[in-house]
Amino acid sequence: MMDWDSVWIGAQIATLENGQYNVIEDGALAVKQGRIAWLGAKQDLPAHQAQHTYQLEGGVITPGLVDCHTHLVFGGNRANEFEMRLNGATYQEIAKAGGGIVSSVNATRAASVDELVDTAQKRLNSLMADGVTSVEIKSGYGLNAQSEIAMLQAAKTLLDNNPVDIKTTCLAAHALPPEFAGRPDDYIDYVCQEILPQVAQLGLADAVDAFCEGIGFSVAQTQRYFEAAKALGLPVKLHAEQLSSLGGSSMAAGYQALSADHLEYVTEDDVKAMADAGTVAVILPGAYYVLRETQKPPIDLFRKHKVPMAIATDANPGTAPVLSLRLMMNMACTLFGMTPEEALAGATIHAAKALGMEQQVGTLAVGKQANFVHWDVQTPGELSYWLGGQFVLQRVYQGEVCS
């Protein structure tokens with residue numbers, strides 16, 4: 001007789017293996033010590049005893065959602081810039097006028113770690129309520145060693161205090177801070193020689209990211225940053241081809257980047273390079289929507305070259321004040337032409353790969369972490385269909401019911 005901690009019986013189970021729904025009708029799922037111990041049709045459930053048995057009356061169980069690109073930790077907000085954009089100012093104009101990322105830098109530098117934790121906690125609560133069980137949090141609003149470290153410490157505190165996986169990413173090459181105005185190469189030197197070594201020594205980052213763009217850093221500058229990360233044993237990812245085509249995604253693929261993100265202006269050569277490297281394309285419809293962009297990421301090229309497509313909120317104070325990953329799934333379908341099945345895969349299995357977590361989360365399979373959600377829907381496709389609404393019946397993290 002099998003001895004399990006809990007058993008879940010009576011819902012459809014969408015495993016998302018191979019990026020497809022793979023629905024088990026009238027399924028059963030068993031948990032032992034925080035991991036999936038058995039999975040299959042209820043009629044095949046072996047004799048067992050369990051401390052908790054959950055008799056479900058329908059609904060759908062999926063892997064917990066994975067938000068693989070967020071900027072949840074920051075000081076202040078930039079609601080005023082939202083109004084500026086609606087009055088005609090462009091993202092580039094706002095940045096050149098001293099707004100944009102730099103305005104968040106000032107607020108973040110002025111905040112304590114506790115203050116950063118408190119404000120980020122509210123945003124994280126929204127994501128968890130929406131079915132997220134794994135999330136990435138980037139730094140990038142400190143832009144000096146003290147504040148970048150404070151941001152990453154805040155993210156680690158959130159990890160300690162919440163039933164959610166958190167991966168931390170050092171995005172020190174996000175923007176040029178005021179004290180380095182006109183000296184981007186000097187700032188990259190500072191990041192490589194001062195910030196990254198301290199972050200690595202303290203064990204605060206799981207990966208390194210940069211903003212490779214005309215208003216960010218050049219491909220050559222980003223390469224220097226990546227070389228420093230490589231020397232420290234840190235994997236890389238990149239904000240690339242959001243506003244122009246610079247070839248950053250191809251360069252990142254050359255470093256076996258976990259992901260390249262945004263990608264509205266990516267070329268077919270870039271896509272081929274990503275395919276060869278196994279680099280995930282992270283689609284961020286929230287920023288596209290808020291910025292009212294018109295250039296869409298080339299979904300058909302990613303399909304053609306079998307590049308996995310993840311979906312994330314890009315939750316940040318300026319260009320994507322987004323706190324619902326399910327809403328991004330809908331937007332990926334309605335704005336970019338992804339299918340609901342691709343969208344759910346993008347928020348589970350492919351998002352997990354974008355964080356280097358595909359062996360632990362992102363699908364439902366025996367041996368994997370028991371992160372899953374029981375939804376009040378009749379089919380998996382409804383998760384991309386509904387705009388808003390509260391459909392989480394139970395969010396389970398490492399086998400424990402959280403909501």
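The name given to the chain in an unreviewed UniProt entry is Imidazolonepropionase, with the source organism recorded as Marinomonas communis. Its UniProt record, at the heading Sequence similarities (unreviewed entry), says of the chain: "Belongs to the metallo-dependent hydrolases superfamily. HutI family."

Scanning the chain from terminus to terminus reveals 15 helices and 16 strands. On C-alpha atoms alone, the chain measures out to a radius of gyration of 21 Å, which is about the 22 Å that the 2.2 N^0.38 rule sets for 403 residues. Oriented by its inertia axes, the alpha-carbon framework of the chain measures out at about 70 × 40 × 40 Å. Within the chain, buried positions represent 58% of all 403 residues.

The feature "binding site: Fe(3+)" (unreviewed entry), as given by UniProt, occupies His69, His71, His239 and Asp314 in the numbering adopted here. Maximum C-alpha separation among the annotated residues is 12.4 Å over a sequence range of 246 residues, consistent with a single clustered spot. Structurally, the position occupied by His71 is in the loop between strand S6 (65-67) and helix H1 (79-86). According to the relative accessible area criterion, His71 is buried, its value standing at 2%. The residues touching His71, leaving out its near neighbours within four places in the chain, are Lys138, Ser139, Tyr141, Leu171, His174, His239, Asp314, Ala315 and Asn316. You can call His239 buried: its relative accessible area is 3%. Once residues lying within four places of it in the same chain are set aside, the contact partners of His239 are His69, His71, Lys138, Leu171, Asp209, Ala210, Phe211, Cys212, Asp261 and His262. Here the side chain of His239 touches Asp209 through a polar contact of 3.1 Å, side chain to side chain.

Right, let's talk about the packing of aromatic side chains for a bit. Applying the stated criterion to the full structure yields 12 aromatic pairs. Between Phe180 and Tyr190 the ring centres are 5.6 Å apart and the planes differ by 25 degrees, which places this aromatic pair in the stacked class. Taken as a pair, Phe180 in the loop between strand S8 (165-173) and helix H6 (184-202) and Tyr190 in helix H6 lie far apart in primary sequence, 10 residues in all. Measuring from ring centre to ring centre gives 4.9 Å for Tyr288 and Phe336, while their planes differ by 75 degrees; the resulting arrangement is edge-to-face. Of the two residues, Tyr288 sits in helix H10 (residues 285-290) while Phe336 sits in helix H12 (residues 325-336), which places them 48 residues apart along the sequence.

All right, on to the nonpolar core then. Inside soluble globular proteins, nonpolar side chains tend to come together where they are buried. In this structure, Cys170, Tyr225 and Phe302 are the most contacted members of the largest nonpolar core, which totals 96 residues. Among the elements that take part in this core, helix H5 (residues 145-161) stands out by supplying eight residues, more than any other. When neighbours within four sequence positions are excluded, Cys170 is seen to be in contact with Ser139, Glu148, Leu152, Ile195, Leu196, Val199, Ala205, Ala207, Val208, Asp209 and Tyr225. In this structure, Trp8, Ile24, Leu29 and Leu364 belong to the second largest nonpolar core, which totals 15 residues.

The phi dihedral of Asp26 falls on the positive side, at around 50 degrees, and the residue is not glycine. In this structure, Asp26 sits in strand S2 (residues 23-32). We classify Asp26 as partly exposed; its relative accessible area is 37%. Backbone geometry at Gln33 places phi at a positive 50 degrees, although glycine is not the residue there. Along the chain, the position of Gln33 falls in the loop between S2 and strand S3 (35-41). Note on Gln33: relative accessible area 69%, which makes it exposed.

The next subject is the environment of Ile36. Its location among the elements puts Ile36 in strand S3. Through-space distance from the C-alpha of Ile36 to that of Ala154 is 30 Å; in sequence the pair is 118 residues apart. Ignoring anything within four residues of it in the chain, the contact list for Ile36 reads Leu29, Ala30, Leu364, Ala365, Val366, Gly367, Lys368, Gln369 and Ala370.

Before going further, it helps to spend a moment on the pattern of salt bridges. Summed over all chains, the structure comprises 14 salt bridges. Close ionic contact of Lys138 with Glu136 constitutes a salt bridge, the shortest N to O distance being 2.7 Å. The exposure class of Glu136 is buried, given its relative accessible area of 0%. Among the ionic contacts, a cluster of salt bridges with common partners joins Glu136, Lys138, Asp209 and Lys237.

Here the focus is the domain arrangement of the chain. Annotation of the chain at the domain level lists domain 1 (2-63 + 363-402) and domain 2 (65-355). Its C-alpha centre places domain 1 at a distance of 30 Å from the equivalent point of domain 2. The interface of domain 1 with domain 2 comprises 28 residues on the first partner and 23 residues on the second. Together domain 1 and domain 2 conceal approximately 2,000 Å² of surface at their shared face, both sides included; 59% is due to carbon and sulfur atoms. Inspection of the domain 1/domain 2 interface yields zero salt bridges. Put simply, domain 1 and domain 2 have 12 residue pairs in polar contact (both at pLDDT 80 or more) between them. Secondary structure elements with two or more residues in the side of domain 1 that touches domain 2: strand S5 (60-63), strand S14 (372-375), helix H15 (382-385) and strand S15 (392-397). Ranked by residues supplied to the side of domain 1 that touches domain 2, first place goes to S15 with four residues. Partitioned by chemical class, the residues of the side of domain 1 that touches domain 2 number 15 nonpolar, 12 polar and one charged.

The first and last C-alpha atoms of helix H7 (residues 219-231) sit 18 Å apart over 13 residues, in line with the 18 Å expected at 1.5 Å per residue. Taken together, the buried positions of H7 are occupied by Gln221, Thr222, Tyr225, Phe226, Ala228 and Ala229. Along H7, the residues classed as buried sweep out an arc of 155 degrees about the axis, all on the same side. Among the exposed residues of H7, those pointing more than 90 degrees away from its buried face are Lys230 and Ala231. Against S8, H6, strand S9 (207-212), strand S10 (238-240) and helix H8 (248-254) lie the buried residues of H7.

Calculation criteria
Residues numbered from 1 in each chain as written. Predicted model: local features only at pLDDT ≥ 70, side-chain atom pairs only at ≥ 80, totals over all residues. Heavy atoms only, no water. UniProt positions renumbered as here; feature names shortened; annotations may be inferred. Helix = DSSP H or I, 4+ residues; strand = E, 2+ residues; numbered from the N terminus. Rg over C-alpha atoms; globule rule 2.2 N^0.38 Å. Buried < 20%, exposed > 50% of the residue type's maximum accessible area, 1.4 Å probe, protein only. Contact = heavy atoms within 4.5 Å. Polar contact = N/O pair within 3.5 Å; in protein donor to acceptor, adjacent residues only side chain to side chain. Phe/Tyr/Trp six-rings, centres within 6.5 Å; stacked < 30°, edge-to-face > 60°. Core = buried A, V, L, I, M, F, W, Y, C linked by side-chain atoms within 4.5 Å. Salt bridge = Lys/Arg side-chain N within 4 Å of Asp/Glu carboxyl O. Domains from an automatic or database assignment. Buried area = accessible area lost by both parts, 1.4 Å probe. Nonpolar A, V, L, I, M, F, W, Y, C, P; charged D, E, K, R; others polar. Expected span 1.5 Å × (residues − 1). Arc of directions from axis to C-beta.

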